[in-house]
Amino acid sequence: MSRIADEILFTHIEVALAVASEATLVGLGADDPRTQRNARVDLARHLVERMQGLEIEGDSNAGRSSQPTLFPGDLSPMG
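Residues numbered from 1 in each chain as written. Predicted model: local features only at pLDDT ≥ 70, side-chain atom pairs only at ≥ 80, totals over all residues. Heavy atoms only, no water.

### Examining a nonpolar patch on the surface
Thought 1: A surface patch of nonpolar side chains, about 270 Å² in accessible area, is lined by I13, L17, L25 and L28.
Thought 2: On the basis of relative accessible area, L25 is assigned to the partly exposed category, the value being 37%. (Patch = residues over 30% accessible without salt bridge, like charges linked within 9 Å, V, L, I, M, F, W, Y side chains within 5 Å. Areas by Shrake-Rupley, 256 points an atom, 1.4 Å probe, with all protein chains shown as cover. Salt bridge = Lys/Arg side-chain N within 4 Å of Asp/Glu carboxyl O. Buried < 20%, exposed > 50% of the residue type's maximum accessible area, 1.4 Å probe, protein only.)

Dropping the structure here:
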C-alpha cells in the first residue's frame, strides 16, 4: 500500500470523529475501564466504516485514476 498524504488522512479522520455518536465520545472519558474500551471499539468500528470507501489519489499516480482503497475488502473482526 502506498503512503497516504497526512493532510488527506487527517481530514477524513476529523470528519469521521465529528459525526461519531456522542455516547461513544463521552464513553472515551468514562471512569469505568470497560466503558472506555467499549467506546474505543465503537470508535474504531465507526472509523473503519467511514473510511472503507476512501480512494487515495495523488500526483505520484498521475498515470492512474486512483489507488486501492485504504482498507482491504475483508474487514471481519480480528479475534
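### What to know about the side chain of H46
Thought 1: The residue H46 is located in helix 3 (residues 33-51) in this model.
Thought 2: A residue is classified by how much of its surface remains accessible, and H46, at 19% relative accessible area, is buried.
Thought 3: Contacts of H46, omitting those with residues within four sequence positions, involve A16, V19 and A20. (Helix = DSSP H or I, 4+ residues; strand = E, 2+ residues; numbered from the N terminus. Contact = heavy atoms within 4.5 Å.)

### As for the confidence of the model for the chain
Thought 1: Considering every residue of the chain, the mean pLDDT works out to 75; 62% of them sit at 70 or more.
Thought 2: Between the elements of the chain, mean pLDDT differs from a low of 83, seen in helix 1 (residues 6-18), to a high of 92, seen in helix 2 (residues 22-28).
Thought 3: Every residue in residues 61-65 is under pLDDT 50, and counting partners more than four places away or in other chains gives two contacts. (pLDDT = per-residue confidence, 0-100.)

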